[in-house]
Amino acid sequence: MNLIPLPAFQDNYLWLLHDGQRALVVDPGDAGPVQAYLDANALQLEAILVTHHHADHTGGVDALRDASGARVYGPAHERIPEPVTRLAEGDAIEVLGLRFEVLDVPGHTAGHIAYFSPDIDGAPLVFCGDTLFSGGCGRLFEGTPRQMFDSLSKLAALPGATRVCCTHEYTLGNLKFATAVEPDNAQLIHYRQQCEQRRSRGEPTLPSTIALENEVNPFLRTRQPAVAQAAHRFDAADEADPVAVFAALRQWKNEFR
Ligand SMILES: [Zn+2]
Ligand SMILES: [Zn+2]
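Residues numbered from 1 in each chain as written. Chains lettered and ligands numbered in written order. Predicted model: local features only at pLDDT ≥ 70, side-chain atom pairs only at ≥ 80, totals over all residues. Heavy atoms only, no water.

**Points about the coordination of the zinc ion (ligand 2)**
Thought 1: Coordination of the zinc ion (ligand 2) by the protein is provided by Asp56 (OD), His57 (NE2), Asp130 (OD) and His168 (NE2), with metal-donor distances spanning 2.1 to 2.5 Å.
Thought 2: Taken together, the four donor atoms coordinating the zinc ion (ligand 2) and their angles of 87 to 161 degrees define a geometry best described as irregular.
Thought 3: Along the chain, the residues donating to the zinc ion (ligand 2) fall in the pattern D-H-x72-D-x37-H.
Thought 4: A separation of 3.5 Å is found between the zinc ion (ligand 2) and the zinc ion (ligand 1), both of which receive a donor from Asp130. Of this pair, His57 sits in helix 2 (residues 55–58) while Asp130 sits in the loop between strand 10 (123–129) and strand 11 (132–133), and the two are 73 residues apart along the sequence. Like His57, the residue Asp130 is buried in the burial classification. (Donors = N, O, S within 2.8 Å, 3.2 Å for Na, K, Ca; no water. Tetrahedral: all angles 85-135°; square planar, octahedral: opposite > 155°, others 65-115°. Helix = DSSP H or I, 4+ residues; strand = E, 2+ residues; numbered from the N terminus. Buried < 20%, exposed > 50% of the residue type's maximum accessible area, 1.4 Å probe, protein only.)

Written out as C-alpha cells, the structure reads:
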C-alpha cells in the first residue's frame, strides 16, 4: 500500500492510500490535486472517507464522486454531501481489502469520527482528521473540553505503532507551544529539531505515531506533573484534574503566538 499526503490549500493534507490500481482518499477538501494524482497514476478511486463536515475536508467530495463513482463514508451526525454511508463508533468498513474501525471523537466538531485500521502492511494506522495533530489538537468549535479530552484519550490508547494521519501541517507551531509547556522534555526538543529539518527540506512531518505523540504532545500528557504545573501557572487549573489541565492548555494555545 502506498500512503500519500497530497498537499492542498495552505496546510491541509489530503491522505490517499492506493495499491497501484485502486485508491481511497480521506477528507478531500479540493478535488483538483486528488484527480491529478489519480490520473497521473492511472488509479481507480473506490472510496472517500470523511471525518467531519468542515469545507476544507468535504469541498471536493461531489466532484470526485461524480468522476469516479466512489462510495462516500462519513459521520452519522453531520451534514456531509449526499449520498453518504453514515458511520458511528462500533461500525467497521472494508475498503481496498482493508478493515477500518470507526471511532467517535467529538470535540472539534460534534460528530467527528476517526478511521482506525489495525493492520496495513504490518502496522496500524489512524485517519483522525482535525482531532489529534502532531504535537497538538484541534480547536473546540462544537464540543466541550471533557469531550475532546475523552476523544484524545481514546486515540492515545491505540497501539503505539499506529501511524497518525492528521489533516493539517501544524506541527512546528504546535511544538513551539509544547516547548513552552514542557521546556525540559528532551524527546520533545529532539523531535522539534527533526521536524524543523523536514520542513526546511519541504517534507511533511506526518505521519507521526501514537507512541511519539504520547511522549511529546502536551494535550496527551495532562497527567504529567510538569504539564499540570504549567497549566496551573496559566490559569490556576486544578493540577489533579486532567480535564481542567486540558482546558487550560487549549485556552493557552488559543492565545499563544
Ligand atoms: Zn475541521
Ligand atoms: Zn481542517
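**Section: the coordination of the zinc ion (ligand 1)**
Thought 1: The protein atoms that coordinate the zinc ion (ligand 1) are His52 (NE2), His54 (ND1), His108 (NE2) and Asp130 (OD), at distances spanning 2.2 to 2.3 Å.
Thought 2: Here the zinc ion (ligand 1) is ringed by four donor atoms whose angles at the metal span 92 to 167 degrees, and the overall shape comes out irregular.
Thought 3: Its relative accessible area of 17% is what places His54 among the buried residues.

**Some points on the environment of Leu17**
Thought 1: Residue position: Leu17 is located in strand 2 (residues 12–18).
Thought 2: The buried category is assigned to Leu17, whose relative accessible area is 1%.
Thought 3: When the C-alpha positions of Leu17 and Met1 are compared, they lie 6.6 Å apart, and in sequence the two are 16 residues distant.

**Digging into the pattern of salt bridges**
Thought 1: Enumeration according to the criterion identifies 11 salt bridges in this entry.
Thought 2: Measuring nitrogen to oxygen at the nearest pair gives 2.8 Å for the salt bridge that ties Arg65 to Asp62. Placement of the pair is Arg65 and Asp62 together in helix 3 (residues 61–68), with a separation of three residues, close to one helical turn.
Thought 3: Accessibility expressed as a relative area gives 37% for Asp62, which makes it partly exposed.
Thought 4: Of the charged contacts in the structure, one is a salt bridge between Glu101 and Arg99, with a shortest N-O distance of 3.2 Å.
Thought 5: Residue class for Arg99 comes out partly exposed when judged on its relative accessible area of 47%. (Salt bridge = Lys/Arg side-chain N within 4 Å of Asp/Glu carboxyl O.)

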